[in-house]
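# Close look at the chain arrangement
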Amino acid sequence: MKLYILVLLSVLCSVTAEEDERLPNKCEVCKFLTVELQDALEKTGRSKEVLEVGEVLDTGKRRRKIKYNTSETRLTEAVDDICERILQYSVHAERPGSLRYAKGTSQTMATLKNLVHKGVKVDLGLPFELWDEPSVEVSDMKKQCETMLERYEDVVEDWYFHHQDQRLENFLCTNHVLKTSEQECIKEAWKGDTGTKRGDKEAEGDSSQEEETTHDAGEL
């Protein structure tokens, strides 16, 4: 069973180590930018708040009232921290394509943490308390998101004020940002986990027998 644990850790650690080599592409950045922006706007879309805009003149002219859910203020507040929200994502290296980016702990990392909690020493080259920090991939996606948002700010505003009958993903990514050959990730949809493999469960159950064994990601 020792050999099985070593083989499992070799696979898991090699996958984790390779994550830095696979940076997000333009399609993935645009996809998750629109996912987050659409989500932020949906949370405030039903607000009945009314804003008063404009200056009160000496003539006594009243300030103009506009609905918050159609205001520029709502868009500005939504866009303000959109790329920062990308840092909530983790790399799920066991999933294909753009599906590797999702919020929550990945299956790979969950398995490694489970082994650590059962006494198996796993060395990923960084302290355990830093395992949940944004990865190189996710940090790079945030930077690309900021650049893309700045470049296509006018397009986002055009969609918000005139084209909300279309999905933002289609309007921004498909129609403006991506070439036809770059749009593959747009069609990728998550259909749920296929479940924990039997071998993973066995490894988790038997790992407690390896309490003092140290496994280095580099040597496995």
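Anything mentioned here points back to the structure above.
Summary of the structure given here. (Residues numbered from 1 in each chain as written. Predicted model: local features only at pLDDT ≥ 70, side-chain atom pairs only at ≥ 80, totals over all residues. Heavy atoms only, no water.)

### Considerations on the overall build of the protein chain
From N to C terminus, the protein chain includes nine helices and six strands. Within the span of the protein chain, comprising 220 residues, buried residues form 38% of the whole. Summed over its atoms, the accessible surface of the protein chain is roughly 13,500 Å², and 47% of this surface lies on carbon and sulfur atoms. (Helix = DSSP H or I, 4+ residues; strand = E, 2+ residues; numbered from the N terminus. Buried < 20%, exposed > 50% of the residue type's maximum accessible area, 1.4 Å probe, protein only. Areas by Shrake-Rupley, 256 points an atom, 1.4 Å probe, with all protein chains shown as cover.)

### Some remarks on the packing of helix α2 (residues 26-44) against helix α3 (residues 72-80)
Their axes nearest at 9 Å, the elements α2 and α3 cross at an angle of 135°. Accordingly, the angle class assigned to the pair α2 and α3 is oblique. Of the two possible hands of crossing, α2 and α3 adopt the one that is right-handed. Listed contacts from α3 to Leu 37, Ala 40, Leu 41, Glu 42 and Thr 44 of α2 are Arg 74, Leu 75, Ala 78 and Val 79. Its residues assigned to classes, the contact of α2 with α3 shows six nonpolar, one polar and two charged. (Axes fitted to C-alpha atoms, helices over the stretch in contact; angles between N-to-C directions. Parallel < 35°, antiparallel > 145°, perpendicular 65-115°, else oblique. Left-handed = near helix turned anticlockwise from the far one by under 90°. Contact = heavy atoms within 4.5 Å. Nonpolar A, V, L, I, M, F, W, Y, C, P; charged D, E, K, R; others polar.)

### Section: the nonpolar core
Ranked by internal contacts, the top residues of the largest apolar core, which has 34 residues, are Leu 33, Leu 37, Ile 86, Cys 145, Met 148, Leu 172 and Val 177. Of all the secondary-structure elements, those providing two or more residues to this core are α2, α3, α4 (82-85), β3 (89-91), α6 (136-151), α7 (153-162) and α8 (168-177). For this core, the element with the highest residue contribution is α2, accounting for eight residues. Setting aside its immediate chain neighbours within four residues, Val 177 contacts Lys 26, Cys 30, Met 148, Tyr 152, Leu 172 and Glu 182. Met 109, Leu 112, Val 122 and Leu 124 belong to the second largest nonpolar core, which has six residues in total. (Core = buried A, V, L, I, M, F, W, Y, C linked by side-chain atoms within 4.5 Å.)

### Observations concerning the state of the cysteines
Applying the stated criterion across every chain, the model contains three disulfides. Two residues, Cys 27 and Cys 185, share a disulfide whose sulfurs are 2.0 Å apart. Taking the sign of the torsion about the S-S bond as the criterion, the disulfide between Cys 27 and Cys 185, at about -100°, is left-handed. Within this pair, whereas Cys 27 is found in helix α2, its partner Cys 185 is found in the loop between α8 and α9 (198-206), the two being separated by 158 residues in sequence. As far as burial versus exposure is concerned, Cys 27 and Cys 185 are alike and both buried. Here Cys 83 is linked by a disulfide to Cys 145, with a sulfur-sulfur distance of 2.1 Å. The disulfide joining Cys 83 to Cys 145 has a torsion of about -80° about its S-S bond and is therefore left-handed. Pair noted here: Cys 83 is in helix α4 and Cys 145 is in helix α6, with a separation of 62 residues, a long-range link. Of the two residues examined, Cys 83 and Cys 145, each falls in the buried class. The connectivity of the disulfide-linked cysteines in the protein chain, indexed sequentially, is 1-6, 2-5, 3-4. (Disulfide = S-S within 2.5 Å.)

### A few points about the side chain of Lys 142
Along the chain, the position of Lys 142 falls in helix α6. The buried category is assigned to Lys 142, whose relative accessible area is 16%. If we skip the residues at most four places from it in the chain, Lys 142 touches Cys 83, Glu 84, Ile 86 and Leu 87.

### Considering the packing of aromatic side chains
A full pass over the atoms with the stated rule returns three aromatic pairs. Both rings, one in Phe 32 and one in Tyr 101, keep their centres 6.1 Å apart while their planes meet at 80°; by these two values the pair is edge-to-face. Highlighted residues: Phe 32 in helix α2 and Tyr 101 in strand β4 (residues 101-103), separated in sequence by 69 residues. Taking relative accessible area as the criterion, Phe 32 reaches 8% and is therefore assigned buried. On the basis of an interplanar angle of 80° and a centroid distance of 4.9 Å, the ring pair of Tyr 160 and Phe 161 is categorised as edge-to-face. On the accessibility criterion, Phe 161 (40% relative accessible area) is partly exposed. (Phe/Tyr/Trp six-rings, centres within 6.5 Å; stacked < 30°, edge-to-face > 60°.)

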